Amino acid sequence: MSETGKSDTTNILVVGTGGQGVMTATEILAEAAIALGHDVKKTEVAGMSQRGGVVSSHLRFGPKVLSPQIAPGSADVLLGFEAAEAMRWRHMLRADGLVLMNTGRLVPPIVELGVYDYPEDPVSAIRASGAHVFSFDASQIAQQLGDIRLGNTVMLGAISDHLPFSAEVLERCVLKRFAHKKSELVELNRRAFAAGRAAAEAAAKAAVA
């Protein structure tokens, strides 16, 4: 614990559906934390990572981390790649936690199977729980940039200004993944990261207003 009584460990829960890049995004966040000397633990908790299956990934980093598991009510940030999944995991947030969520609708299999009804308004439902919510359509942003797969880079850009290190550290880790590929891919991901930062900033201003 710090002198203020707050834990020195940062807890980030990343959720979505298979094919959205949830696990890749968590890996990149972990790489950024490791690069700065943090002790890092992560785990993929929920089942099927194939396209369409629900996926959740826990990431914890700080001076010394013993367990990769985030306890309910202790996540600092919930990064929701899919709106309904973000709502389903809201119980993991601490009282003053932050939700950064993609409002693009991608219906999970548990809804199609009738196990779970898709919520009418996931954003309002999460806000009603008292969480700070910054919502934006990352899927649409990615499509406007020409590739829906850029959605995970958009989401990483969105979280980049809400971490205990600079956005530039995370951006370098993102772009390093494409350093040996076409320069166009590096530039596309740079633009996607910047667009995610801008979207989260605009959503934060809208939430305050």
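Higher on the page you've got the structure.
Scope of this entry: the structure provided in the associated data block. (Residues numbered from 1 in each chain as written. Predicted model: local features only at pLDDT ≥ 70, side-chain atom pairs only at ≥ 80, totals over all residues. Heavy atoms only, no water.)

The full count for this structure, using the stated rule, is 12 salt bridges. Ionic pairing is found between arginine 177 and glutamate 27, a salt bridge with its closest N-O pair at 3.4 Å. Taken together, the residues span a long stretch of sequence, with arginine 177 in the loop between helix H7 (167–176) and helix H8 (183–208) and glutamate 27 in helix H1 (residues 22–35) at a distance of 150 residues. We classify glutamate 27 as partly exposed; its relative accessible area is 30%. Here glutamate 168 ties to arginine 197 by a salt bridge, and the two come within 3.6 Å at their closest N and O atoms. In this pair, glutamate 168 sits in helix H7 while arginine 197 sits in helix H8, placing the two residues 29 residues apart along the sequence. On the basis of relative accessible area, glutamate 168 is assigned to the partly exposed category, the value being 39%. Three or more residues joined by partner-sharing salt bridges are found here, namely Glu27, Glu31 and Arg177. (Salt bridge = Lys/Arg side-chain N within 4 Å of Asp/Glu carboxyl O. Helix = DSSP H or I, 4+ residues; strand = E, 2+ residues; numbered from the N terminus. Buried < 20%, exposed > 50% of the residue type's maximum accessible area, 1.4 Å probe, protein only.)

Bringing the packing of helix H6 (residues 151–159) against H8 into the picture now. In the contact formed by H6 and H8, the axes pass within 6 Å of each other and the chain directions differ by 50 degrees. Judged by the angle between their axes, H6 and H8 are oblique. Where H6 crosses over H8, the two elements pack in a sense that is right-handed. Across from Thr153, Val154, Leu156, Gly157 and Ala158 in H6, the residues of H8 making contact are Asn189, Ala192, Phe193, Gly196, Arg197 and Ala200. Partitioned by chemical class, the residues of the contact of H6 with H8 number 6 nonpolar, 4 polar and 1 charged. (Axes fitted to C-alpha atoms, helices over the stretch in contact; angles between N-to-C directions. Parallel < 35°, antiparallel > 145°, perpendicular 65-115°, else oblique. Left-handed = near helix turned anticlockwise from the far one by under 90°. Contact = heavy atoms within 4.5 Å. Nonpolar A, V, L, I, M, F, W, Y, C, P; charged D, E, K, R; others polar.)

Tracing the backbone through its elements, the reader meets asparagine 152 in helix H6. Apart from residues lying up to four places away in sequence, asparagine 152 is in contact with Gln20, Gly21, Thr24 and Phe81.

It is worth spelling out H8 at this point. Residues that lie three or four places apart on an α-helix share one face, since the helix turns once every 3.6 residues. Here H8 is 26 residues long and its end C-alpha atoms lie 38 Å apart, about the 38 Å a rise of 1.5 Å per residue gives. Turning to H8, its buried residues are Val186, Asn189, Ala192, Phe193, Gly196, Ala199, Ala200, Ala203 and Ala204. Elements that come into contact with the buried residues of H8 comprise strand E5 (93–102), strand E6 (132–136), helix H5 (138–144), H6 and H7. (Expected span 1.5 Å × (residues − 1).)

Attention now goes to the sheet that holds strand E2 (residues 39–44). Read across the open sheet, the 6 strands follow the order E2-E3-E1-E4-E5-E6; overall the sheet is mixed. In the strand order of this sheet, the two ends are held by E2 and E6, each with one partner. Neighbouring strand axes in the sheet, compared pairwise and without regard to direction, differ in orientation by 15 degrees on average. The pairing of E5 with E6 spans 5 bridges and is classified as parallel. Pairing of asparagine 102 across the sheet is with phenylalanine 136, part of E6. Set on the sheet, H1 makes contact with strand E1 (10–17), E2 and strand E3 (54–62); between it and E3 the angle comes to about 5 degrees. In the packing of H6 onto the sheet, contacts are made with E1, strand E4 (75–80), E5 and E6, and the angle to E5 comes to roughly 140 degrees. (Pairing = 2+ DSSP bridges.)

Honestly, it's all geometry; don't read function into it.
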